[in-house]
Amino acid sequence: MTVEADATAHAPVSERIYLALRQEIMRCEIVPGTTLDAASIASQYEVSKTPVRDAMQKLAADGLVTILPRSGYRVAPITFQAVHDILDMRAAIGPHAARQAARYATLAEIALLRQIVREYAAPMDIGTMQQVARRFHLAIARCSRNKRVVALSESLFDELERLLRFAIDFTVKAGEHSDEHTALVDAIAAGDGEKAAAIEFAHIKHAREFLIERLMTLGYLSENEIQLGAAARSPGE
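Residues numbered from 1 in each chain as written. Predicted model: local features only at pLDDT ≥ 70, side-chain atom pairs only at ≥ 80, totals over all residues. Heavy atoms only, no water.

Trainee: How do you make sense of the overall build of the protein chain when you look at a structure like this?
Mentor: Each helix and strand in the protein chain was counted, giving 11 helices and five strands. Each of the 237 residues in the protein chain was classed as buried or not, and the buried ones make up 41%. Approximately 12,800 Å² of the protein chain is accessible, and the part contributed by carbon and sulfur atoms is 54%. (Helix = DSSP H or I, 4+ residues; strand = E, 2+ residues; numbered from the N terminus. Buried < 20%, exposed > 50% of the residue type's maximum accessible area, 1.4 Å probe, protein only. Areas by Shrake-Rupley, 256 points an atom, 1.4 Å probe, with all protein chains shown as cover.)

Trainee: Is there a simple way to think about the sheet that holds strand β3 (residues 72-75) in this case?
Mentor: Sheet strands pair via backbone hydrogen bonds, and the direction of the pair is either parallel or antiparallel. An order of β1-β3-β2 is seen for the three strands of this open sheet, with the pairing classed as antiparallel. Looking at strand neighbours, the two that pair on one side only are β1 (35-37) and β2 (65-68), the edges of this open sheet. The average undirected angle you get between the axes of adjacent strands in this sheet is 30°. Relative to β3, β2 runs antiparallel, the two being bridged by four bridges. (Pairing = 2+ DSSP bridges. Axes fitted to C-alpha atoms, helices over the stretch in contact; angles between N-to-C directions.)

Trainee: Sorry, what's going on with the nonpolar core here?
Mentor: Side chains that are nonpolar tend, in soluble globular proteins, to be buried together. By size, the foremost hydrophobic cluster in this structure holds 46 residues, and its most contacted members are V83, F136, I140, L184, I188 and L211. Elements that contribute at least two residues to this core include exactly α5 (80-104), α6 (107-119), α7 (126-143), α8 (147-167), α9 (179-189) and α10 (193-217). Here the element with the most residues in this core is α7; it accounts for 10 residues. Not counting the four nearest positions on each side in its chain, I188 is found in contact with A98, A101, A102, A105, I110, L113, I140 and A196. (Core = buried A, V, L, I, M, F, W, Y, C linked by side-chain atoms within 4.5 Å. Contact = heavy atoms within 4.5 Å.)

Trainee: Explain the environment of S178 to me, please; I cannot follow it from the model alone.
Mentor: By secondary structure assignment, the location of S178 is in the loop between β5 (173-174) and α9. A C-alpha to C-alpha distance of 7.9 Å links S178 and R118, two positions 60 residues apart in sequence. Contacts of S178, omitting those with residues within four sequence positions, involve V117 and Y120.

Trainee: Before we go on, may I ask you to explain the confidence of the model for the protein chain in this structure?
Mentor: When pLDDT is averaged along the protein chain, the result is 86; 85% of the residues meet or exceed 70. Taking the mean pLDDT of every element in the protein chain, the minimum, 47, falls on helix α1 (residues 3-9) and the maximum, 96, on α6. A low-confidence stretch, residues 1-7 stays under pLDDT 50, and its non-local contacts, those more than four residues away or across chains, total one contact. (pLDDT = per-residue confidence, 0-100.)

Trainee: Looking at this structure, I do not really get the pairing of β3. What am I missing?
Mentor: Two faces belong to every sheet, and in a regular strand the side chains alternate between them. Here β1 pairs with β3 via three bridges, running antiparallel. Bridge pairing in β3 links T35 to R74.

Trainee: Sorry, what's going on with the pattern of salt bridges here?
Mentor: Should the charged atoms of two oppositely charged side chains come close, the side chains can pair. Inspection of the entire model under this criterion finds 13 salt bridges. With its nearest N and O atoms 2.7 Å apart, the salt bridge here joins E15 to K58. Linking E15 in helix α2 (residues 13-26) with K58 in helix α4 (residues 49-61), this pair joins segments that are 43 residues apart in sequence. A residue is classified by how much of its surface remains accessible, and E15, at 23% relative accessible area, is partly exposed. Given a relative accessible area of 34%, K58 falls into the partly exposed group. The residue D186 makes a salt bridge to R114 at a minimum N-O spacing of 2.8 Å. A residue pair is termed long-range when its members are at least 10 positions apart, and D186 in helix α9 and R114 in helix α6 qualify at 72 residues. Using a relative accessible area of 31% as the deciding quantity, one classes R114 as partly exposed. Where salt bridges share partners, they join R22, D62, R134 and D158 into one cluster. (Salt bridge = Lys/Arg side-chain N within 4 Å of Asp/Glu carboxyl O.)

Trainee: Explanation requested: α4 in the structure shown.
Mentor: In an α-helix, one full turn covers 3.6 residues, which means residues spaced three or four apart are oriented alike. The end-to-end C-alpha distance of α4 is 18 Å, a good match for the 18 Å that 13 residues give at a rise of 1.5 Å each. When we look at burial in α4, the residues that qualify are P51, V52, A55, M56 and L59. One face of α4 carries all of its buried residues, which in axial projection span an arc of 140°. Contacts made by the buried residues of α4 are with α2, β1, α3 (38-45), β2 and β3. At the C-terminal side of α4, G63 shows a positive phi close to 80°. (Expected span 1.5 Å × (residues − 1). Arc of directions from axis to C-beta.)

What follows is the structure in structure tokens.
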């Protein structure tokens, strides 16, 4: 048993329910928009409703469920606003982390980044590729020497995985060009923070366009919804 698994096994029952449901929601094993019943969950875990309510309160605080009347809960749907909020935060944090990494990254950290980039050369499915991407960008975040940037990046990649799993079949084989990742590491190694930030911003912009187009193709977002969302944001931008 791993340290993490051991810690989970000894956690309070409400925490174990929270972690189990959170994982299912993040992996889209519980589909966005699904209604959950506290009594059914309590029966599944053979506990009273109290730890289930505690777990649901934490999930609600994470923005993953909304609380309904009479012990009901609904898994947060995928909306244009959710997509925008997550990618907007990535666009704010990612380039900053890259800029700071160019300032603080050690030779050992740069070597680790190059090692992760080499993993892109191997054939892999989209799910594996997403995990490699997560490790790469979180490694850059750690190079920023800012614990809050790391924590926010981890949270954002959790939410991004949920969006991606909803929109993309993770078992499909995919090729990935590592040129931009190599260029990003080269900029960090050279101490060129502005170039590193620009490369990361362009990468995130491309990801935003791809994800929104994919969600529209699948019918989860409409052109009208995106236009309305853009109009609602425009006064403050």
